[in-house]
Amino acid sequence: MAEEFRVPIGPQHPALKEPASFSIALKGEKIIGVDVRLGYNHRGIEKACEERTYIQDVYLVERICGICSHAHSTCFVQAVEEIAGIEVPKRALYIRSLIAELERIHSHLLWLGVAAHEIGFDTLLMFTWRDREIVMDVLAELTGNRVNYGINAIGGVRRDMGKDKIPEILKRINVLEERTKYYIEVATQETTVVNRLSGVGKVKKDDALKLGAVGPTARASGIARDVRKYDPYAAYNELSFDLITDDHNDVYGRTIVRVKELIESYKMIRQILKDMPDGPIAVKAPRKIPAGEAVSRYEAPRGELMHYVKANGTDKPERVKVRTPTLANIQAVKHMLREMYLADVPIVVAAIDPCFSCTDRLIELKDIDKKDSSVIDWQRLRQYSIEWYRDRGIDFKK
Amino acid sequence: MSAEEDIKQKLAGRFPFLQDKITVKRDRRIFLDVGIDNFKEVLQFALKELNFTFLCTVTGLDDRDRFSLMYQLDQGSGIMLNIRTSILRDDPVVDSITPIFPNADIYERELVDLFGIKVKGLPKGERYPLPDDWPAGQYPLRKDFKIEDLDKKENI
Amino acid sequence: MGIVSKVINWSRLKSPWVLHFNTGACNACDIEIVASLTPRYDLERFGVQLKATPRHADILLCSGPVTRQVKDRLCRIYEQMPEPKFVVAVGTCACSGGVFRGCYNIEGGIDMVIPVSAYIPGCPVSPKALMDGLVKLLKSLEEK
């Protein structure tokens, strides 16, 4: 069995030139240790922010992540607005929150599909990504783009929302809610799904906190932290919604948290559309931001996002620090994979909802007993994992 | 008294040298400045007595004559405590706080790679975020870093 | 062109095998590439198949502004692809480096590292633009 996945790739051993993203020490099929190597898509954005103006940086930070682009641009402008003492009009805050929740919906549906793909349940991938297109349409109609919406300006938002759009959005939200209820059923009652997700990637509450986990990953271990609730921003202090936690402490819990959060997002969108105040959508902001500093936080779909901005009186920031939720969660992955089987790696890693690029890298497997190592790519590992579970009777094709 | 003011009083009460060094910037944002010799004590106190159980991140800054380090903690109530200390630019060394906050690991590695700060006691592990073939002595987040110097030292 | 090349070109035209590689992108383009394969856009009806290894690929769909870490692997992947091979730069970052041009850890567009056959700009590329670009590439092969 162990021989099947030893696939050396290329004429030169790739691990010599390029570090694998995961280095897994195995005893037979069981994991005894994991090392994670990051930096694959380190682009030097924090430095670039110092060399560009605040206005340019709004568009730059939006492209840190193609799934939560609005999260980054909002988090950034919030910090700048705080330093400059700008009071953003209420209508703009509501529009920001609307786009934020639409982004969360697209992200969680995307994640559901990706997680399904990791365990070999491609039908669910097709369903969820089909439904996701409904949200993408709404986002494109409201902002002009499917991703990288460019909706934020320092001082407000750049586009207003016509009241005529509201009935159509509500109709689509209703459709999505029906579909989501079906996904909740699948996640909680489909035996094969439950079997694949339960008991894997366990982290207890205290450990999750010490390891720095955030977002649905932390909330699935009972940690009741959601920036929208305890450090509210945009319009969240005026919206009523539940903070979703779960106490399974595992991948199953992380799935439950995300699907339930979708329901809360639909709730919030209906409130936003009903209560959005009239008024201006932006105030003028100075080009030069006075000296000062601020820490801005935002509950991105993957968890707490943090931007720290220091201004120095010029039109360029002195320092911009970005702490993404994935960086916070990846440290917990080492802990989660202890005592797991190699076959659990794809879904456990996927369950923290990392960037794709994390899983686009090579994985080094070190067999402790045989004292040798090999390199495998993610596709092969996923295939191995699906077949391993199939051999144990857990199979979506049945 | 607000929760933030209460925290400020407790800190100043326990550490008289923090008098006048603590600012409540706004709701849920407290900043304080402390010398390198005392910052770990303050960190421990914040964790054990004030319930700042979560480390959000560690942020490095190049202040030209010194490096500043900000340890950014969260209480779960939403209140953030930003503990700033500073070290000499000529010999930048700081102790790792991983014994207190294990997840400081990756944030401290950023200080090493991007600022060239030595973090004593950092557990064995991979560098982050720069690649293995990054030219030694080049620290991108330092203010005097020039991208042209990078190419000069490389074999093209 | 000779009859053999015509046949090979015809079969490549009918169902190109595609390898997708991300060189340090923000993932927006990558997601749109995968979205192109889902029911609404269904790139597969054009015979486009996603392959896992360079050795089976006719077309390399490349996203991202090429970070230093990934440069060598990109070259290796290109070398492993059998001739004739085509590279498509997907997204503005892949075309020119996009907003990341000038960043210290970035090479720039894909063509700084390997030859590019087609450029599809967009930030991100929409599935429709991707299909349009791929069809144009396949048509240009037909004309050869």
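In this report, the structure presented in the accompanying data block is examined. (Residues numbered from 1 in each chain as written. Chains lettered and ligands numbered in written order. Predicted model: local features only at pLDDT ≥ 70, side-chain atom pairs only at ≥ 80, totals over all residues.)

Attention now moves to the sheet that holds strand S3 (residues 54–62) of chain B. Residue and element names in this part refer to chain B. One open sheet holds the five strands; their spatial order is S1-S2-S5-S4-S3, and the pairing between them is mixed. Single-partner strands in this sheet number two, and they are strand S1 (22–26) and S3. Pairs of neighbouring strands in the sheet enclose a mean axial angle of 20 degrees, with direction left out of account. With nine bridges connecting them, strand S4 (residues 66–74) and strand S5 (residues 80–88) associate as antiparallel partners. Its bridge partner being in S5, Met70 is matched across the sheet by Arg84. Sitting on the sheet, helix H1 (residues 3–14) touches S1 and strand S2 (29–33), and the angle it makes with S1 is about 170 degrees. Across the sheet, helix H2 (residues 39–48) touches S4 and S5, and the angle it forms with S5 is around 165 degrees. (Pairing = 2+ DSSP bridges. Helix = DSSP H or I, 4+ residues; strand = E, 2+ residues; numbered from the N terminus. Axes fitted to C-alpha atoms, helices over the stretch in contact; angles between N-to-C directions. Contact = placed C-beta atoms within 7 Å.)

The next thing to look at is unusual backbone geometry. A cis amide bond, omega 0 degrees, links B:Tyr128 with the succeeding residue B:Pro129. Along the chain, the position of B:Pro129 falls in the loop between strand S7 (118–120) and helix H4 (147–152). Note that the residue after C:Glu83, namely C:Pro84, is joined by a cis bond; omega there is -10 degrees. Residue position: C:Pro84 is located in the loop between helix H3 (68–80) and strand S4 (86–90). Phi angles above zero are rare outside glycine, and A:Asn148 is one such case at about 50 degrees. You can see A:Asn148 is positioned in the loop between helix H6 (122–143) and strand S3 (152–153).

This brings us to the environment of C:Val116. Residue and element names in this part refer to chain C. Among the secondary structure elements, Val116 is positioned in the loop between helix H4 (92–96) and strand S5 (118–120). Since 18 C-beta atoms lie within 10 Å of it, Val116 is described here as partly exposed. Along the sequence, Val116 and Lys85 sit 31 residues apart, while their C-alpha atoms lie 10.0 Å from each other. Not counting residues within four places of it along the chain, the set of residues in contact with Val116 comprises Val87, Ala89, Ile110 and Asp111. (Buried ≥ 20, exposed ≤ 12 C-beta atoms within 10 Å, placed from the backbone.)

A word on the nonpolar core. Within the largest apolar cluster, 211 residues are counted, with the highest numbers of intra-cluster contacts made by A:Val348, C:Leu60, C:Cys62, C:Val88 and C:Val90. Here this core takes 16 residues from helix H5 (residues 90–118) of chain A, the largest share from any one element. The two domains that each donate at least three residues to this core are domain 1 (20–41 + 328–391) and domain 2 (45–196 + 275–326) of chain A. If near-sequence neighbours (up to four positions away) are discounted, C:Leu60 is found in contact with C:Leu19, C:Phe21, C:Ile77, C:Tyr78, C:Met81, C:Lys85, C:Val87 and C:Val88. (Core = buried A, V, L, I, M, F, W, Y, C linked by C-beta atoms within 7 Å. Domains from an automatic or database assignment.)

Across the contact, 32 residues belong to chain A and 30 residues belong to chain C. Counting residues per element, the side of chain A that touches chain C draws most heavily on H6(A), at four residues. Here the side of chain A that touches chain C is built from residues that sort into 14 nonpolar, nine polar and nine charged. (Nonpolar A, V, L, I, M, F, W, Y, C, P; charged D, E, K, R; others polar.)

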